[in-house]
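Okay, here's what each chain looks like letter by letter:
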Amino acid sequence: MSDVTQERRRYERIIAFLGGPRVVNVPAIDSPKALVSLLRRGLPVDSAVFARDHLGLTPVVFDRVLPRTTIASAQKSVSRTLSKAVSENLFRLSRLTAIAEEAFADRERAHRWLTEPNPVFDNEAPAELADTEAGAEWVESVLMRMMYGIDA
């Protein structure tokens, strides 16, 4: 499978984790520009609610990246959208979940790996690191090394 095809499929899974094209209000992420535009305007709060229920992460881990109070305040806002920073956290969490599912080829094992403290990450659950881009890149690099057989 080509890198472009793999990336497109990953974005499709990420959008599905966020509630699908109807909830996210985009048919597809077909370019980096489309993704940047989507995150700048903010994901709909319904994406966070859907992700909380469907990403397969524990509530404790999800709440460390996207606190319930943040989602509740966005639900009360007129725009019903998440801020750019919160949208980026949610996107990162969804991206890491998609990559973990690819790496493990088993949804349950991937979710367990994402939510259990891991010595590689100083005993933090890998998904908790999605609250920063640096943390997400760290987790992603470990997942990529696992996928491609490089010692993780």
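Provided above is the structure to which this section pertains.
Residues numbered from 1 in each chain as written. Predicted model: local features only at pLDDT ≥ 70, side-chain atom pairs only at ≥ 80, totals over all residues. Heavy atoms only, no water.

Asker: Got a sec to walk through the overall build of the chain? Specific residues and values, please.
Answerer: Counting its secondary structure elements, the chain contains nine helices and zero strands. In sequence order, the secondary structure elements of the chain are arranged as α-α-α-α-α-α-α-α-α. A compact globule built from 152 residues should have a C-alpha radius of gyration of about 15 Å, and the chain, at 15 Å, falls within 12% of that. If you line up the chain on its principal axes, its C-alpha atoms span 50 × 35 × 25 Å. Here the chain holds 152 residues, and 44% of them are scored as buried. Taking the contacts inside the chain whose residues are at least 6 apart along the sequence as the reference set, 60% of them involve residues at least 24 apart. Computed over 20 positive and 21 negative side-chain charges, the separation of the two mean positions in the chain equals 7 Å. (Helix = DSSP H or I, 4+ residues; strand = E, 2+ residues; numbered from the N terminus. Rg over C-alpha atoms; globule rule 2.2 N^0.38 Å. Buried < 20%, exposed > 50% of the residue type's maximum accessible area, 1.4 Å probe, protein only. Contact = heavy atoms within 4.5 Å. Lys, Arg positive; Asp, Glu negative; His and termini not counted. Charge placed at Lys NZ, Arg CZ, Asp CG, Glu CD.)

Asker: Hey, could you go over helix H7 (residues 84-104) for me, with residue numbers and the actual values?
Answerer: Over its 21 residues, H7 extends 30 Å from the first C-alpha to the last, a length consistent with the 30 Å expected when each residue adds 1.5 Å. With 16 of 21 residues buried, H7 lies mostly within the body of the structure. The positive-phi residue at the C-terminal boundary of H7 is Ala 105, with phi of around 50°. (Expected span 1.5 Å × (residues − 1).)

Asker: Break down unusual backbone geometry for me, citing the residues and quoting the values.
Answerer: Here the phi dihedral of Asn 25 falls at roughly 70°; this positive angle occurs in a residue that is not glycine. Following the sequence through the fold, Asn 25 ends up in the loop between helix H2 (20-24) and helix H3 (32-41).

Asker: Give a detailed account of the side chain of Glu 101, specifying residues and quantitative values.
Answerer: Secondary-structure assignment places Glu 101 in helix H7. You can call Glu 101 buried: its relative accessible area is 13%. Setting aside residues no more than four positions away along its own chain, Glu 101 makes contact with Phe 17, Asp 106, Arg 107, Ala 110 and His 111.

Asker: Give me the lowdown on the packing of H7 against helix H9 (residues 133-147), citing residues and values where you can.
Answerer: With their axes 9 Å apart at the nearest point, H7 and H9 run at an angle of 10° to one another. Compared by their axis directions, H7 and H9 come out roughly parallel. Together, Arg 92, Arg 95, Leu 96, Ile 99, Ala 100, Glu 102, Ala 103 and Phe 104 of H7 and Glu 133, Ala 136, Val 139, Glu 140, Leu 143, Met 144, Met 146 and Met 147 of H9 make up the contact between the two elements. For the contact of H7 with H9, the class distribution of residues is eleven nonpolar, no polar and five charged. (Axes fitted to C-alpha atoms, helices over the stretch in contact; angles between N-to-C directions. Parallel < 35°, antiparallel > 145°, perpendicular 65-115°, else oblique. Nonpolar A, V, L, I, M, F, W, Y, C, P; charged D, E, K, R; others polar.)

Asker: Residue-level account of the pattern of salt bridges, with values.
Answerer: For the structure shown, the criterion picks out eleven salt bridges. Across the salt bridge formed by Asp 63 and Arg 68, the nearest N and O atoms sit 3.3 Å from each other. The partly exposed category is assigned to Asp 63, whose relative accessible area is 22%. A salt bridge links Arg 92 to Glu 133, with the nearest nitrogen and oxygen atoms 3.5 Å apart. Taken together, the residues Arg 92 in helix H7 and Glu 133 in helix H9 connect sequence positions 41 residues apart. With relative accessibility at 7%, the residue Arg 92 sits in the buried group. For Glu 133, a relative accessible area of 32% puts it in the partly exposed group. Bridged by salt links that share partners, the residues Arg 92, Arg 95, Glu 133 and Glu 140 form one connected network. (Salt bridge = Lys/Arg side-chain N within 4 Å of Asp/Glu carboxyl O.)

Asker: Give a description of helix H4 (residues 45-54) that names residues and reports values.
Answerer: Two residues of an α-helix separated by three or four positions point the same way, owing to the 3.6 residues in each turn. Buried residues of H4: Val 45, Ser 47, Ala 48, Ala 51 and Arg 52, and no others. Angular distribution of buried residues about the axis of H4 spans 150°; they occupy a single face of the element. Each element contacted by the buried residues of H4 is listed here: helix H1 (3-17), H2, helix H5 (59-65), helix H6 (68-76) and H7. At the exit of H4 stands Gly 56, carrying a positive phi of roughly 85°. (Arc of directions from axis to C-beta.)

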